[in-house]
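# Chain and residue survey
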Amino acid sequence: MKLSSLWLRAGLFTVATLAVALLGAWLLFGRGAIPIQTDLLAMLPGTEKDPLAEAAVQRLAHANGDRMVLLVSNADDDAAKAAARELGTALSADKTFSSVLAELPPFDLQQLVAPYLAHRFTLLSDADRATLAAPGFDPAQALSRHLNEPFASGVGTSLQDDPFGFLQHWLDQQPWSRSPLLPEDNLLTAHHDDKTYVMVTATLAGSSYDDAVQRDALATLDRAERAMVHDHPGTTLLRTGAVFYAAAARAGAEHDVHLVGWVSTIGIALLLLWSFRSPGPLLLAFLSTAVGVIAATTMTLLVFGQIYLLTLVFGAALLGEAVDYSIQYLTARANAGAQWEPRAGLRQVRVALLLALATSLLGYALLGIVPFPALRQMACFAMSGMLAACVSVFWLLPALLQRPSKPLSPVLVRVALAMQNAIARFGNGRRGWIIALLLLLLAVPGWWKLRHDDDVHLLIAPPPALDAQEVQIRTITGLGNGSQFYLVQGDSVEQTLQREEALEQRLQVLVQSGKMQDWVGLAGMVPSQQRQNADRALLAPWMSDATRMRKLLTDAGFRASAIDTYLAAWPGTPIDLQQWLTSPISTPFRHLWMGQNAHGYATLVLPQGQDDVAPLHAAAANLPGVQLVDKPASVSNLFGRYRSYASVWLLAALLLIVPVFGWRYGLRRAPRVLVPPVFGIGLTLAALGYLGQPLTLFHWMAMMLVLGVGANYAVFLLEGEPHVAHRPGAMYASVLLSAVTALLSFGLLALSSMPALRDFGLTLLLGIGCTALMVPASLPLRGAAR
């Protein structure tokens with residue numbers, strides 16, 4: 001290859017890189033908000049067999065996704081209410097919020113009763129239904145009991161409209177009547193533990209997952225909270241909402257990117273500067289790595305349209321592996337001395353780089369076959385970056401590395417030589433077998449201690465303070481957690497409501513036994529036509545006899561005009577679901593109606609105050625058309641399933657590598673080449689057992705990379721040794737350089753705030769460390785430097 005050809009290829013590569021960089025910049029900054037996805041649900045795989053169940057998960061997740069729920073508390077009732085009003089006023093004045101509800105608009109509670117008056121004879125509470133069905137029911141006694149009941153303080157019916165209190169009792173069962181939050185002084189107020197709590201809700205003008213919206217909303221809330229606490233000492237604010245979790249996840253990712261990116265960059269820079277004793281190789285190594293990161297970012301945005309937080313932090317760690325390819329070429333140049341010729345150097349490292357690239361791509365490809373969006377994106381990012389970084393070594397660096405360079409640091413080479421000789425000697429012959437047996441005996445207790453944990457909450461752990469506040473808000477307000485719900489399906493609206501009623505009868509048993517706080521479902525607010533007709537039939541024997549009913553009401557002191565109006569309303573009409581959904585009172589509950597689908601109709605029922613899924617599963621057992629959807633449990637089960645497959649995938653990857661190495665090194669030498677990664681994986685598993693680390697899917701995914709990286713190191717050493725006979729230890733020094741750069745990047749993931757990446761990083765830290773130390777054992781004794 002002529003020199004002019006080298007410059008032509010470098011020029012073409014530079015133009016292509018600039019084009020990719022411009023495309024990536026436009027994808028990242030030119031389409032509005034920066035496409036960094038902080039929504040945890042978006043990173044999770046679809047797990048529900050029923051597509052409608054998956055759609056319901058998405059609906060519930062985003063029903064209140066752009067809303068803050070704030071709870072203002074103070075021991076003084078007046079101070080709590082005044083503070084809530086001040087907070088609501090401050091938030092309303094900021095354009096970040098599209099609406100803020102603190103003080104309720106003036107309205108008559110009777111407005112909640114009016115829509116139901118026409119249907120009063122078809123709506124019975126469970127207790128009244130049982131009373132009417134019991135033998136010996138006496139309407140005179142029922143009337144007397146109601147007349148002597150205390151007046152309702154909330155949503156109440158008038159005596160002339162509801163003399164027996166049947167509608168009043170039914171209304172008392174509704175969510176707005178059962179809620180611990182009651183209107184006081186036009187504020188939604190609860191009293192708990194000698195404190196007054198006032199709820200304020202604020203809906204964002206944009207998405208909770210938009211970085212600008214997050215920053216503006218949190219800054220506004222922070223200012224309003226400080227002013228509120230200053231004006232009303234002793235006031236505290238509890239908060240929950242997707243925006244708080246998204247902001248916390250973003251802040252954690254930014255911290256991790258800074259930690260991993262800056263620390264690894266500085267560490268690798270100092271290491272390369274010391275090793276090559278010149279800034280030139282350092283700049284070229286980072287140039288090659290930058291090409292990889294640019295290509296990876298652009299490809300990821302092209303394929304996925306956004307970048308997940310996991311990928312963002314993982315990408316910062318990619319620096320340590322992407323730099324491997326340039327390190328091998330730079331060390332070949334350093335070892336060649338005055339004899340350096342860029343094209344010859346390229347031929348020297350070509351096989352090693354291509355084999356290393358193939359094993360790395362294999363490891364990441366196995367990562368990408370898992371149907372988990374975040375892992376697939378990480379695999380796409382890594383494969384694109386590795387490929388671009390490797391191609392840059394073939395097309396860009398030869399033109400830029402025409403002159404010879406200084407040899408590697410003599411200290412590094414001497415240390416590497418001593419380690420290589422010692423490990424190669426002890427790793428061969430009888431001593432090698434004895435050491436292998438001792439390592440096996442040492443590893444067995446660690447393997448015995450291994451256990452598994454597939455909990456999806458280990459993916460990204462929210463701040464404990466946020467979790468504690470959400471639990472406290474749920475306890476005080478009775479709001480559900482939304483992660484578990486029932487999906488009820490039927491062939492018609494009527495059948496769907498009937499099936500929901502069957503479920504709610506079982507849920508009521510759990511409530512009465514104290515195993516569940518409450519539930520919210522449409523059938524409780526709009527009973528099935530069958531139930532409404534049955535309720536009216538229970539009233540028919542008494543209401544159909546107008547003369548007897550008139551005398552009963554007259555004797556009780558009711559006016560004739562009121563009696564005429566009440567009797568004229570009989571038999572009334574059943575309430576219709578579609579009609580009810582158009583009324584204002586249905587607004588907070590419309591998301592529970594899934595509507596018509598390919599298989600019929602569906603509704604959602606939300607249990608509240610119950611985190612133990614066993615009773616919830618039991619409540620749905622053997623009910624046709626009813627299923628409990630538990631997204632966290634479903635994802636955890638999926639993680640467990642794929643984690644159990646991971647060892648098979650690992651073995652499959654090993655079997656795929658064997659014929660490649662057998663072709664290159666011969667079947668007798670191939671097992672020796674695989675000794676470092678295989679032993680590295682085994683010892684890493686033992687170390688995790690001794691550390692008490694429960695294995696997750698992410699540990700096993702990291703093992704795939706340990707296999708690939710470990711095989712790379714063995715290939716680098718075996719391919720490079722024949723070319724550095726004049727500089728014993730120089731080739732292993734380059735392997736150690738690659739290993740330390742990987743440890744400085746991937747190893748730092750062990751400090752990540754994200755449990756998934758922490759598991760990933762710890763596994764790579766242990767695996768790469770063990771593998772790098774054992775690489776000289778892949779050399780036969782005669783190949784050890786002397």
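Residues numbered from 1 in each chain as written. Predicted model: local features only at pLDDT ≥ 70, side-chain atom pairs only at ≥ 80, totals over all residues. Heavy atoms only, no water.

### Considerations on the overall build of the protein chain
On a plain count of helices and strands, the protein chain comes out with 32 helices and 13 strands. Computed over the C-alpha atoms, the radius of gyration of the protein chain is 35 Å, more than 25% above the 28 Å expected from 2.2 N^0.38 for a compact globule of 786 residues. Expressed along its principal axes, the backbone C-alpha trace of the protein chain runs to roughly 120 × 55 × 45 Å. Per-residue burial over the protein chain gives 53% buried out of 786 residues. Look at the contacts in the protein chain between residues 6 or more apart in sequence, and 81% of them connect residues 24 or more apart. Of the roughly 33300 Å² that the protein chain leaves accessible, carbon and sulfur atoms contribute 63%. Taken together, the 55 basic and 56 acidic charged side chains of the protein chain have centroids lying 22 Å from each other. (Helix = DSSP H or I, 4+ residues; strand = E, 2+ residues; numbered from the N terminus. Rg over C-alpha atoms; globule rule 2.2 N^0.38 Å. Buried < 20%, exposed > 50% of the residue type's maximum accessible area, 1.4 Å probe, protein only. Contact = heavy atoms within 4.5 Å. Areas by Shrake-Rupley, 256 points an atom, 1.4 Å probe, with all protein chains shown as cover. Lys, Arg positive; Asp, Glu negative; His and termini not counted. Charge placed at Lys NZ, Arg CZ, Asp CG, Glu CD.)

### Some thoughts on the packing of aromatic side chains
Within this structure, the stated rule accounts for 11 aromatic pairs. When the centroid spacing of 6.1 Å and the interplanar angle of 20° are considered together, the rings of W593 and Y601 count as stacked. For W593, a relative accessible area of 11% gives the class buried. The exposure class of Y601 is buried, given its relative accessible area of 18%. For the ring pair F661 and Y665, a centre distance of 5.9 Å and an interplane angle of 70° mean the geometry is edge-to-face. Here F661 and its partner Y665 are both found in helix 28 (residues 631-665), 4 residues apart, which amounts to about one turn of the helix. Of note, R9 hangs over the ring of W395, and the distance from its end group to the ring centre comes to 4.7 Å. (Phe/Tyr/Trp six-rings, centres within 6.5 Å; stacked < 30°, edge-to-face > 60°. Lys NZ or Arg CZ within 6 Å of the ring centre and 35° of its normal.)

### Re the domain arrangement of the protein chain
We note that the domain assignment places domain 1 (3-30 + 247-457 + 635-785), domain 2 (64-104 + 186-240) and domain 3 (112-179 + 474-630) within the protein chain. Taken over C-alpha atoms, the centre of domain 1 sits 49 Å from the centre of domain 2. (Domains from an automatic or database assignment.)

### Some points on the side chain of D518
Topologically, D518 is positioned in strand 10 (residues 518-520). Beyond its immediate chain neighbours, meaning those up to four positions away, D518 contacts R178, V511, L606, P607 and Q608.

### Some remarks on unusual backbone geometry
Residue P571 is reached from W570 by a cis peptide bond, and omega for that bond is 5°. Examined against the element boundaries, P571 turns out to sit in the loop between helix 25 (560-569) and helix 26 (577-581). Residues other than glycine seldom take positive phi values, yet D193 does so here, at roughly 50°. Position of D193 relative to the elements: it lies in the loop between strand 5 (187-192) and strand 6 (195-204). A residue is classified by how much of its surface remains accessible, and D193, at 62% relative accessible area, is exposed. Positive phi is not limited to glycine here, since R277 has a value of about 55°.

### Focus: the environment of N712
The topology assignment puts N712 in helix 30 (residues 697-720). Taking relative accessible area as the criterion, N712 reaches 3% and is therefore assigned buried. Those residues in contact with N712 that sit more than four places away from it in its chain are L355, A356, T359 and S360.

### A closer look at the packing of helix 28 against helix 29 (residues 670-690)
In contact at an axis separation of 9 Å, helix 28 and helix 29 are set at 150° when each is read in the N-to-C sense. Between helix 28 and helix 29, the angle is such that the two are roughly antiparallel. In the crossing of helix 28 with helix 29, the sense of the turn from one axis to the other is right-handed. Across the interface between the two elements, L650, L654, I657, V658, F661, G662 and Y665 of helix 28 pack against A670, V673, L674, V678 and I681 of helix 29. Residue composition of the contact of helix 28 with helix 29, grouped by class: 11 nonpolar, 1 polar and no charged. (Axes fitted to C-alpha atoms, helices over the stretch in contact; angles between N-to-C directions. Parallel < 35°, antiparallel > 145°, perpendicular 65-115°, else oblique. Left-handed = near helix turned anticlockwise from the far one by under 90°. Nonpolar A, V, L, I, M, F, W, Y, C, P; charged D, E, K, R; others polar.)

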